[in-house]
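Coordinate inspection notes
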Amino acid sequence: MSAQQVPGGPVPGEGVGAGPGEAAAVGAPRRGNETVYFALRNPKLLAGAVVVAVLLVAALAVPPFLGGSPNAYVGPQAQPPSAEFWFGTTNFGQDVFAQFVHGLRSTFLVGLLGGGIAALVGMVVGFVAGYRGGLVDEVLNMITNIVLVLPAMVVLIIAAAYLEARGILVQSLFIGLTSWPWAARAIRAQTLSLATRDFVDLARLSGRRAHAIIFREIAPNMSSYLFMTFILLFGGAILIAAGLDFIGLGPPQGVSLGLMMHSAVSWSALQLGMWWWFVPPGLGITAIVGSLYIMNVGLDEVFNPRLRET
Amino acid sequence: MWRYFGRKLFVYALTFFVAVTINWMIPRFMPGDPVRSMLARASVGNAEALEAMRAYYSSLFGLDLPVWQQYLNFWGSLLRGDLGTSVWLFPTPVSEVILGAVPYTLGLLVPAILLSWIAGNKFGAFAARGRWLDNTVLPVGYLLTATPYMWLGILLAWSLGIVAGIFPTAGAYGFALQPSLSWAFVSSLVLHWFLPFLSLFLVAFGGWAIGMRNMIIYELEADYSSYLEALGAPRRLVRRYAFRNALLPQLTGLALQLGTIVAGALLTEIVFSYPGLGNLILEALNNRDFFLLQGAFLFIVLGVLIANFVIDVVYVLVDPRVRVQMQGGAA
Amino acid sequence: TGGGGGGGGAGAYPRNETLYTTGTQWGPPSNWNPIMNWTYATGTVGYAYETLFLYDPLADEYIPWLAESGEWTGEDTYELRLREGVQWSDGEAFTADDVVFTIELGQMDSVPYSNLWNWLEEVEAVDDHTVRLTFSEPRHQEWANWIYMNAIVPEHLWADRSEEEVSSGANENPVGTGPYLYETHDEDRMVWAENENWWARDLLDLDVKPTYIVDIVNSSNDTALGLLTQNDIDISNNFLPGIDRTITGNPQITSYYPEPPYMLAANTAWLVMNLERAPMDDARFRRALAHSIDMQRIVEGPYSNLVEAADPTGLLPNWDDYIDTALVEEHGFSHDPDEARSILEEAGYSDTDGDGMVETPDGDPIDLTIIVPSGWTDWMEAIRIISEGAKEVGINLNADFPDDAALQDARESGDFDMLINNERQISNTPWVYYDYLFRLPIQERQTTVNFGRYENEEAWELVEELARTPVEDREGMREIISRLQEIQLTEMPAIPLWYNGLWSQVNNGTWTNWPSSAEDTPDHMPTTWRGYNQLGAILTLTEIEPAA
Amino acid sequence: MSGVSLEVSDLTVHYRTLRGDVHALEGVGFTMADGEIMGLVGESGSGKSTLGKSLIRMDSRMRHVRGTVRLDGEELPIGDQAAMTPFRYHRVSLIPQYSMSALNPTRRIGRMIDELLESRGVRPASVRAELLRRLDLVGLSGQVLRRYPIELSGGMKQRVVMVLSTLLDPSLLIADEVTSALDVSTQRAVAQTLVEFRDRGYLAGMIFVSHDISLVNQIADTIMVMYAGKPVEKGTAEAVVNGPRHPYTRMLISSLPEVGVTHAERRLEGIPGSPPGLLDPPRGCRFRERCPLAFDKCDQEPPFVEVDRGHWAACWKAG
Amino acid sequence: MLRLDRVSKVYRVGSFGRERLHAVRDVGFEVRSGQVVALIGESGSGKSTIGKMVLGLTSITGGAITFEGTDVAGLRGHRAHKEYYRRVQGVFQDPFSSFNPVFPADRVFALIRAEYFPEVGEAEWRRRIEESLRVVRLDPAQVLGKYPHQLSGGQLQRILIARALLLDIRLLVADEVISMLDASTRIDVLNLLADLKARGMGILFVTHDLSLGNYVSDTAVILRRGAIAESGPADRVFTNPLHPYTRRLLSSVPRLHRTWAQADAELPADDGGCPVHGRAGAGDGSATLVEVEAGHFVGCAGDGEGGPCRPDPRA
Ligand SMILES: Nc1ncnc2c1ncn2[C@@H]1O[C@H](COP(=O)(O)OP(=O)(O)OP(=O)(O)O)[C@@H](O)[C@H]1O
Ligand SMILES: Nc1ncnc2c1ncn2[C@@H]1O[C@H](COP(=O)(O)OP(=O)(O)OP(=O)(O)O)[C@@H](O)[C@H]1O
Ligand SMILES: [Mg+2]
Ligand SMILES: [Mg+2]
Ligand code: NI
């Protein structure tokens, strides 16, 4: 699984500091209609968005129609996909499809919360460190580096193992609190470069306060970048959560895609050839996260003319 | 330069300190008593006998001391390389348990990391700016990195292992074999290693390929590339330079990704019942073996820290820019 | 297929001489210390170390093993006659000193059987092969249990060991009297090789068939199932969901019974209620709850018929003999929601606020939680069903899955509503069960028994009486047990749910003639679980045959 | 200084953009004599860099619409990337504006130069001595070859690039804004070095792009002024600075303050208005909008004609 | 009005801030109302740093900056700064980076209004904007509501000045306001500065272009490595440069009607020695300035790092 499984590349602004994305942020002000123009014509962005949207709609709209608990024993045991049970049934006769759509829900939720918290922390730390500089920067940087080198997944395993309440919220919180460092670093680098821009000084000359400068002057310039960061964190959170669920450290109640894989494996679905039990959840995760990543490339191309196909 | 490393070392030391402290703290402030858990499995029907044993083992593990003293003792023994005794695999020292598992984990991780890094970078560089490759391979790469490690493992185990029967899906080598340098043993070792390796490799490969593809595009647009092209340098040379320069950020990426890949290896090991740290951690979890869990955690953190430091050093050695800056040379 | 079928190559164990087992060892083998009976490597007791007797629950008989015989020579004295001609694997002779030494080890607090000395006064070697014990309190049932449960260690090697070495030493070079010798171990396996000089060859004309035993460290169920179907292992003592389908589909794979429940029973899973809390303190409520449980659904659902619903007495099938059927007839229970509802109504539990759930007679709402450790998937499924059943009759009972450690803590301190527990295993006497249900006094922490904190002096008196009853006195035992059953069935301090199976499935590809319910096969326990070799499982190894 | 070395005629280059083609160069024609240093000046966006790029390497968005470029009588296949390659470096070379970042940061300079030379079919050893001599000329020791770019100061890098770019004695060197980031004193040194290179025959002709006409005037033999994608005037530096014919040139020159001139004494005036967009350039004279002399005829395009010996201008009133 | 008194600035640089960089050393001069002071020097000589210190954007390491009696370094808190900016404003070198690219250019006005004139009504505010735009000779209709990228550098630069005018400022710090502009628009902005000066505003005009410095300024301050090399009335400094550094700068300026060689020849003869210590050269380059003629100060030609003075080796 992949704790902050942020692919080496799409982490913008990492490395020597002048990674991809720099231009995206700094060259931000494309004319609005131009952005839309490119967005609508970017196959990567569109394809990714469509997949995510379809899964999101499935997660939000389908469960009410199914009614009842996704864990209820509704059908014959261990049936392959059929007209009645689209994704087949589990060892106990639970409807895999029902579990899948419910699982999608918690997957999105974890992504949103975990990614959101991580983005929030990353932003605050990154902005403050980058804008304030000096000792504040040093200290924040130190903290960032510490959290960065701690293998998040392993920390989470330890934490989750001793945790009494293992709800999806707690899980998201923990994921959020461990996966922000790279985002903070990237945002800090961006902020550093933006903070030297004259318009920041001009805002100070206009009597603006520091927080207003950060959030009303600097942040809007990085909006596309921040959005992309959030997408990556979102995907990363989903993957971490799936990993935790898979080793049985997920929320014990309810369903999630990781938990489905966990159940499938612990009830010998592989040996019994019940592929319909373990393929959909993994596919769901891959589809969501993969589509997010691909959307991210698309966005990068939209915001950053240098990357466009020529 | 030394100051740079000194500072790096300081950060790592601090990280280690924090990690150790967190690690020490968590089990002690959470409910449950490791000794009770351990003895819960003892078929001691008699409560008195059990109570006597509990007292005995608690003092054996030093759990009856004041908290601050436990903390100091923890550091003390840690510095002596003593990670305590495993509760689950009593009375094996934790360090011994871990050392038994580490070769397997490293055997998976090191080749997976290195090969995926090398192959991914080569491939990414190859795909970049090739219209056809870029558009087909790129999404595949992204899907690969988006694949949960364990799921890829499950798919591989099921398809190539169970259905096709080509590869074994459990253990490190055939159960009939004894470690030796024989062909049978080595081939069995490799067969068992292959699928877990492959699933780690594939996921990481996707990430590196994409990372490289993105990096090299920037490098190909860099000023020095344009200059070379304007002077009519062949594309080969330009790409070679770009590749080398793009590789450097990828090296930092490697440091950043280590934790993730390690986590991936843990999950993969669980899927393939590979006798490495991953399975150890899972069992330590299931058996409430705090000491083993802590040990494994520390070991991994230490490993990641060391690897990070090595990458830092390598980075400085291969990138003249950083080196010069650190020597306070001209900017 | 894992090279499992290998052979030929250097360092390989010939497949047809090797028995592959799994299901006992949950981690790398870590010690071979028979004193640490919860953690020693598979086979440490049984393969290497041996006990004075074996007890075969299927036949309900004690089999003299290192001892030739043992009998109560007086009210408080017991004399053991040891077998002559037994040798430790280092060549030393096995003598009465070894037995005396082993029993005296119990004077160390950290030795699990230290409580033996609460009622044992003295142990002495009368001669080289006779040991005499003098008890302060003759607890026959417990002593009968002790003599087959605890392995004898060699005095000549252990005499100098400190308490730490005895209680927590790894004992890396196990020197025992048993049929196997330590060969090697690795992260994921434990290997034993046959002891050519095993005493039972000559003295009992017994012979263990496999030259090597390779015990494979447990991985997932899934892996075990895969290894089993591919004949990479011969016997798996794992709980393998779906094995029923494999057994029906693959004639080479068998279990003890060819049809449900497939497995022998190993222990009873109890629904433990906290009797210190309302409304669980009300026997009528407990009874109603018992009627609400749809055991059939649990058995067919999560267990796919791999287990059997427990008898209302909770006594394992091998104790059938002790079940007072008349009592069961009168006080037993079964899934019957209507009955449950009417019991509740009679007892004054009714739905006064119209939420569909009953309130206590005092009108307090009921909101109960039943817990099992998170990750114990079969139990998790089971309590989901129990909670559904309870809700159906109007009891607001919800399932929750705390972490195992938290659960243990709650269980011991009495901070829970309900939980499932299966502490006590199959053994020579139902006394262990009643000790489990009724033990007094209630401690601040109830570590192993009476988690529900049921207080009934009368019942406890009976249990103590039972403890002192000689094991040969069947009638006396039956009588006491019958009285205990009455208390249990009417008071219901805990509700027996189902019998957990002695999970065991074998592949007959390499070794055949495994124990089974069929006529012409041996009847021993087909398992490698710790503590089961003493229950006759070791004999299984003398009965299996290489496949043709 | 004899003979025509560069002959550009009717060169038209567009940038492809979403909104259509940007007519960055429109019908540009001029000639350069052998050994001539031509200064190219004009407002930002007038097409100076585009012209420079067209002559050596078009980027992927540029489209060669029409027109020819002949270097020493041989036509340059400027629209064809592959066919241009043999000419690059050997015949046409470039000193880019970004000299500071033009060197591969992770290669030692000497090695990079060797690799580049080898890839262009030149044995590094054969030019080694010359390389060292020229480095020496610009005040660098051979040591720099063993350094990484970051170890050199900006000025040193600039000099290395100058030497490297001219190492193969190209017929035409394009220097695009090479000094705009420099201090006046460094700027002077660099400019003078380029002249010296020409004098020593390291390069046969040079187009020196700058927006600072005073600087160009210091070193150029001829000056070409561009406006909105077209040359408006070309002549000897002398003639253009002292006797500008095109009103744009005239206004440009008169808006330059010189040391000594103060606001109090003489208030200078800029050129009102701004240049036309090139997406859809106006017909006729492109300067018409801002030109004080504009009259009816200006809605026809004025030809770029020789108004004096060696002095061309594109204005109906220039005659 | 504005007074700098032995102002210095030390930056901590290097990998870990261990090294110190004296960006400004002991600089002192004065800007009076209705006066333009040109701050001239090479890149890195500390011009912008001085500008930023005056604007309170950078802390002062040593010395004092006082504006109409208030100590700029002593400004504490947001409110005090705000009041200071009511009277002192700045315009920066790069007009494109002075605007937040994601917002319309007139947001700079909105900011001023939000912070300083929240009470002013919409119509009145608009009137004020239009008025100040007209002062900088911009057509309000052409620039209001446009995004920065839709406007030219000259327009943007003038918007910035208009913005400062909204505040009724007494001092304007103009940091290289023209270096990014085309020659044709440059002069317009310069003329505008001259007009403002005529209205009584004090201007600190930072530039590296000597010809431009001379065009509008009354006083010229030549900076070298953070220290003043020469200062005095603009015409004196330009016609009679005494410091070798000033001379070198002047001789390097490309002029339209003189070649470099001619310019070299025209410079008043240089005796090749230190203007303070003479040919022998004994000073250490510290910033003791000598007044050579009324208001015309010149510093030692030492290397500024404590080395003895000698004619600048780079000349
Ligand atoms: N990549 C491009 N895509 C579209 N238009 C472009 C591109 N590059 C330049 N242009 C346009 O082409 C015209 C000429 O640009 P060019 O860069 O040649 O001007 P320049 O004279 O070099 O200006 P400067 O002095 O600012 O460098 C301008 O109108 C510019 O906007
Ligand atoms: N924030 C900073 N941190 C460290 N050093 C700085 C900082 N800002 C400027 N410097 C250094 O201080 C010195 C003076 O810089 P300053 O920007 O004042 O020069 P300048 O005269 O304005 O140059 P330019 O003409 O290039 O704008 C330079 O060496 C510069 O590198
Ligand atoms: Mg240009
Ligand atoms: Mg500056
Ligand atoms: Ni001097």
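Quick notes on the rules
- Counting from 1, residues in each chain are numbered in the order their sequence is written.
- Written order decides the labels, with chains lettered from A and ligands numbered from 1.
- Per-residue local features of the predicted model are confined to residues with pLDDT of at least 70, and side-chain atom pairs are confined, for both listing and counting, to 80 or more; whole-chain, interface and lining totals are unaffected and use all residues.
- Calculated side-chain values reflect all of the structure's heavy atoms, with hydrogen atoms and water omitted.
- UniProt positions are given in the numbering used here, feature names are shortened, and annotations may be inferred rather than shown by experiment.
- Segments assigned H or I by DSSP are reported as helices when at least four residues long, segments assigned E as strands when at least two residues long, and all are numbered from the N terminus.
- A pair of strands is treated as paired once DSSP finds two or more bridges between them.
- Axes, fitted as lines to C-alpha atoms, cover a helix only where it is in contact. Angles between the N-to-C directions of the axes lie from 0 to 180 degrees.
- Pairs of residues are marked as contacts when any of their non-hydrogen atoms sit within 4.5 Å.
- Summed over both partners, the accessible surface that disappears when two parts come together, traced with a 1.4 Å probe, is what is meant by buried area.
- The term salt bridge refers to a pairing of a side-chain nitrogen on Lys or Arg with a carboxyl oxygen on Asp or Glu at a separation within 4 Å.
- By the criterion applied in these results, polar contacts are pairs of N or O atoms within 3.5 Å in which, for protein atoms, one can donate a hydrogen and the other can accept it, and in which residues neighboring in sequence qualify only through two side-chain atoms.
- In this classification, Asp, Glu, Lys and Arg are treated as charged, Ala, Val, Leu, Ile, Met, Phe, Trp, Tyr, Cys and Pro as nonpolar, and every other residue, Gly included, as polar.
- Whether a residue is near a molecule or strand is decided by its heavy atoms; if any one of them lies within 4 Å of it, the residue is near.
- Areas reported as accessible are Shrake-Rupley estimates using a 1.4 Å probe. Residue values count occlusion only from the protein chains shown.
- Angle categories: roughly parallel below 35 degrees, roughly antiparallel above 145, roughly perpendicular from 65 to 115, and oblique for all the rest.
- Two helices cross in a left-handed way if the nearer one is turned anticlockwise from the farther one by less than a right angle. They cross in a right-handed way if the turn is clockwise.
- Note on exposure labels: buried denotes an accessible area under 20% of the residue type's maximum, exposed denotes more than 50%, and partly exposed covers the range between, all computed with a 1.4 Å probe on protein chains only.
- In a helix, the anticipated span is given by 1.5 Å times the number of residues less one.
- Note on bend: at a given residue it equals the angle between the axes fitted to the 7 residues ending there and to the 7 starting there.

Per an unreviewed UniProt entry, chain D goes by the name Peptide/nickel transport system ATP-binding protein and belongs to Marinactinospora thermotolerans DSM 45154.

The name given to chain B in an unreviewed UniProt entry is Peptide/nickel transport system permease protein, with Marinactinospora thermotolerans DSM 45154 as the source organism. Here chain B is described in UniProt, under the heading Sequence similarities (unreviewed entry), as follows: "Belongs to the binding-protein-dependent transport system permease family."

**Looking at the UniProt feature "domain: ABC transporter" (unreviewed entry) in chain D**
As recorded in UniProt, the feature "domain: ABC transporter" (unreviewed entry) lies at residues 6-253 of chain D. Between the C-alpha atoms that bound residues 6-253 of chain D the distance is 27 Å, and the span itself is 35% helix and 29% strand.

**Observations concerning the sheet that holds strand E12 (residues 311-313) of chain D**
Residue and element names in this part refer to chain D. Pairing in this open sheet of eight strands is mixed, and the strands run E6-E7-E8-E3-E9-E10-E12-E11 from one edge to the other. Edge positions in the sheet fall to strand E6 (92-95) and strand E11 (305-308), since each has one partner strand and no second. Neighbour to neighbour, the strand axes of the sheet diverge by 25° on average, direction disregarded. When strand E7 (residues 172-176) meets strand E8 (residues 205-209), the two strands line up parallel, connected through five bridges. By the bridge assignment, Ala175 is partnered in E8 with Phe208. Of the strands in this sheet, strand E3 (37-42), E6, E7, E8 and strand E9 (222-227) are in contact with helix H1 (residues 48-56), which crosses E7 at around 145°.

**Focus on unusual backbone geometry**
All names here are of chain C. Backbone torsion omega between Pro260 and Pro261 reads 5°, so that peptide bond is classified as cis. Residue position: Pro261 is located in the loop between strand E12 (253-255) and strand E13 (265-273). In this structure, the amide linkage connecting Leu440 to the following residue, Pro441, adopts the cis form with an omega of -5°. In this structure, Pro441 sits in the loop between helix H15 (431-438) and helix H16 (457-468). Of note in the backbone geometry, Asp205 takes a positive phi value of approximately 55° without being a glycine. Inspection of the secondary structure puts Asp205 in the loop between helix H6 (199-203) and strand E10 (212-216).

**Remarks on the interface of chain B and chain D**
Between chain B and chain D, the residue contacts involve 24 residues of the former and 29 residues of the latter. Carbon and sulfur atoms make up 62% of the surface buried where chain B meets chain D, a total of about 2300 Å² over both sides. One can count two salt bridges joining chain B with chain D. On the surface where chain B and chain D come into contact, there are eleven residue pairs in polar contact (both at pLDDT 80 or more). Ranked by residues supplied to the side of chain B that touches chain D, first place goes to helix H9 (residues 223-230) of chain B with seven residues. Across the side of chain B that touches chain D, the residue classes break down as 13 nonpolar, four polar and seven charged.

**Points about the sheet that holds strand E16 (residues 397-400) of chain C**
In any sheet, the strands associate via hydrogen bonds between backbone groups, in a parallel or an antiparallel arrangement. Residue and element names in this part refer to chain C. What the six strands build is an open sheet, ordered E14-E18-E13-E17-E15-E16; its pairing is mixed. A single partner strand is all that each edge strand has here, and the edge strands are strand E14 (308-309) and E16. Across two bridges, the pairing between strand E15 (residues 368-371) and strand E17 (residues 418-421) is parallel. Looking at the pairing, Ile370 lines up with Met418 of E17.

**Considering the site of ligand 2**
Residues and elements named next belong to chain E. In the neighbourhood of ligand 2, 13 residues make up the surrounding shell, with Ser43, Gly44, Lys47, Ser48 and Thr49 lying closest. The contact in question runs from an oxygen atom of ligand 2 to an N or O atom on the side chain of Lys47, over 2.8 Å. At 3.1 Å from an oxygen atom of ligand 2 is found a side-chain nitrogen or oxygen belonging to Glu176. Compared with its free state, where it exposes 630 Å², ligand 2 has 63% of that area covered by protein.

**What about the UniProt feature "transmembrane region" (unreviewed entry) in chain B?**
UniProt tags residues 9-26, 97-119, 140-170, 190-210, 246-272 and 292-318 of chain B as "transmembrane region" (unreviewed entry). Helix makes up 100% of residues 292-318 of chain B and strand 0%. Its end C-alpha atoms lie 38 Å apart.

**A few points about the site of ligand 1**
Residue and element names in this part refer to chain D. Around ligand 1 lies a shell of 14 residues, among which Ser44, Gly45, Lys48, Ser49 and Thr50 are the nearest. Here an oxygen atom of ligand 1 and a side-chain polar atom of Ser49 are 2.6 Å apart. Thr50 places a polar side-chain atom, nitrogen or oxygen, 2.3 Å from an oxygen atom of ligand 1. A total of three residues in the shell around ligand 1 trace back to one element, the largest contributor, which is H1. The residue inventory of the shell around ligand 1, partitioned by class, reads four nonpolar, seven polar and three charged.

**Quick look at the packing of helix H6 (residues 184-199) of chain D against helix H10 (residues 244-252) of chain E**
The N-to-C vectors of H6(D) and H10(E) enclose an angle of 50°; their axes lie 8 Å apart at closest approach. When the axes of H6(D) and H10(E) are compared, the pair comes out oblique. The interaxial crossing formed by H6(D) with H10(E) has left-handed handedness. Taken together, the residues of H10(E) that come into contact with H6(D) (itself represented by Val184(D), Ser185(D) and Arg188(D)) are Arg248(E), Leu249(E), Ser251(E) and Ser252(E). A per-class count over the contact of H6(D) with H10(E) returns two nonpolar, three polar and two charged.

**Comments concerning the environment of Leu268(D)**
Tracing the backbone shows Leu268(D) in the loop between helix H9 (247-254) and E11. The exposure class of Leu268(D) is buried, given its relative accessible area of 2%. Put simply, Leu268(D) and Asp114(D) are 154 residues apart on the chain and 52 Å apart in space, counted from C-alpha to C-alpha. Every residue in contact with Leu268(D), bar those within four places of it in the chain, is listed here: Ser254(D), Ser255(D), Leu256(D), Pro257(D), Ile187(E), Asn191(E) and Tyr215(E).

**Comments concerning helix H6 (residues 131-146) of chain B**
With 16 residues, H6(B) extends 23 Å from end C-alpha to end C-alpha; this agrees with the ideal 22 Å at 1.5 Å per step. The principal kink in H6(B), of about 30°, is found at Val137(B), preceding the proline Pro139(B) by one to four residues. Among the residues making up H6(B), those that are buried are Leu133(B), Asp134(B), Leu138(B), Gly141(B), Tyr142(B), Leu144(B), Thr145(B) and Ala146(B). Check the buried side of H6(B) and you find it contacts helix H3 (43-66), helix H11 (223-246) and helix H13 (275-303) of chain A together with helix H5 (94-127) and helix H8 (183-220) of chain B.

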